[in-house]
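Each chain is listed here by its residues.
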Amino acid sequence: MTFSRPVEDEVDRLVAAWQQERPDLDVAPLEVLSRVSRLSKHLERERRAAFADQGVESWEFDVLTALRRSGEPYELSPGALLRATLVTSGTMTNRIDRLAASGLVVRRPDPEDRRGVLVRLTPAGLERVDAAFADLLRRERELLAGLDEREQHVLAGLLRTLLVPFDASGDAAH
């Protein structure tokens, strides 16, 4: 696969400046990681816009999508939600309370554990998360429009290679 460099970007200028100022350092990591960082900022801006358009906060999206991904009946224990969203139990309790007050989830007794509860998406929660997810995917497709399908596949594989050690070490939250 051959990639052309038709234009110079901000990272090219940054790398050139560092190469001039610090020729004793190998600044090659900047070529990749500064671009990943800049792309992350663009993605975060698009995520916030997609969520705002659907009336969903980022933290709400995290909880609602965890429930949605679980499949029908779209319910999980608070513990499973903790593991899926990587927050503390106090934070999760607060989030469930707020989502329940908004009518997006309900709590119900866990039939398997009399002391436990399950958190379930309401029809309104399902509608909201589906709309936010569809909007997010549309925006993400726009961010990737400069790459064809094969290039996207290659990039996804390369990024996976970089991320796997972090996921394996349990450092995904950081």
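As the structure is a prediction and not an experimental result, all values here were calculated from the model.

The rules we used
Residues numbered from 1 in each chain as written. Predicted model: local features only at pLDDT ≥ 70, side-chain atom pairs only at ≥ 80, totals over all residues. Heavy atoms only, no water. Helix = DSSP H or I, 4+ residues; strand = E, 2+ residues; numbered from the N terminus. Rg over C-alpha atoms; globule rule 2.2 N^0.38 Å. Pairing = 2+ DSSP bridges. Contact = heavy atoms within 4.5 Å. Axes fitted to C-alpha atoms, helices over the stretch in contact; angles between N-to-C directions. Domains from an automatic or database assignment. Buried area = accessible area lost by both parts, 1.4 Å probe. Salt bridge = Lys/Arg side-chain N within 4 Å of Asp/Glu carboxyl O. Buried < 20%, exposed > 50% of the residue type's maximum accessible area, 1.4 Å probe, protein only. Expected span 1.5 Å × (residues − 1). Phe/Tyr/Trp six-rings, centres within 6.5 Å; stacked < 30°, edge-to-face > 60°.

Moving on, we come to the overall build of the chain. Looking only at helices and strands, one finds seven helices and three strands in the chain. For the chain, the N- to C-terminal ordering of α and β elements is α-α-α-β-α-α-β-β-α-α. Its C-alpha radius of gyration of 21 Å places the chain more than 25% over the 16 Å reference for a compact globule of 174 residues. Taken along the three principal axes of its C-alpha coordinates, the chain extends 65 × 30 × 25 Å.

The next subject is the sheet that holds strand β2 (residues 105-110). Taken together, three strands build an open sheet; the order of strands is β1-β3-β2 and the sheet is antiparallel. Two strands lie at the open edges of the sheet, namely β1 (75-76) and β2, each paired on one side alone. Of the strands in this sheet, β1, β2 and β3 (113-121) are in contact with helix α3 (residues 58-69), which crosses β3 at around 100 degrees.

Turning next to the domain arrangement of the chain. Entries for the chain in the domain assignment read domain 1 (11-54) and domain 2 (56-143). Summarising the inter-unit geometry, the C-alpha centres of domain 1 and domain 2 are found 32 Å apart. Across the contact, ten residues belong to domain 1 and 13 residues belong to domain 2. Summing both partners gives a buried area of about 1100 Å² for domain 1 against domain 2, and 59% of it is carried by carbon and sulfur.

Pairing is possible between side chains that carry opposite charge, provided their charged atoms lie close to one another. With the rule as written, the count across this model stands at 18 salt bridges. With a shortest N-O distance of 3.4 Å, E10 and R13 are connected by a salt bridge. Within this pair, E10 and its partner R13 are both found in helix α1 (residues 10-21), separated by three residues, close to a single helical turn. Between E75 and R120 there is a salt bridge, with the nearest N and O atoms lying 3.0 Å from each other. In this pair, E75 is assigned in strand β1 and R120 in strand β3, connecting sequence segments 45 residues apart. Residue classification places E75 among the buried residues on the basis of a relative accessible area of 15%. Within this structure, E46, D53, D135, R138, R139 and E142 form a network of salt bridges that share partners.

A few words on α3. Between its terminal C-alpha atoms α3 stretches 16 Å, which fits the 16 Å expected from twelve residues at 1.5 Å a residue. Looking at α3, one finds that the buried residues are W59, E60, F61, V63, L64, T65, A66 and L67. Within two residues after α3, G71 carries a phi angle of roughly 85 degrees, on the positive side.

Bringing the packing of aromatic side chains into the picture now. Summed over the entire model, instances satisfying the criterion amount to two aromatic pairs. One aromatic cluster in this structure is built from F51, F61 and F133.

Moving on, we get to the pairing of β2. When β2 meets β3, the two strands line up antiparallel, connected through six bridges. Its bridge partner lying in β3, P109 is registered against V117.

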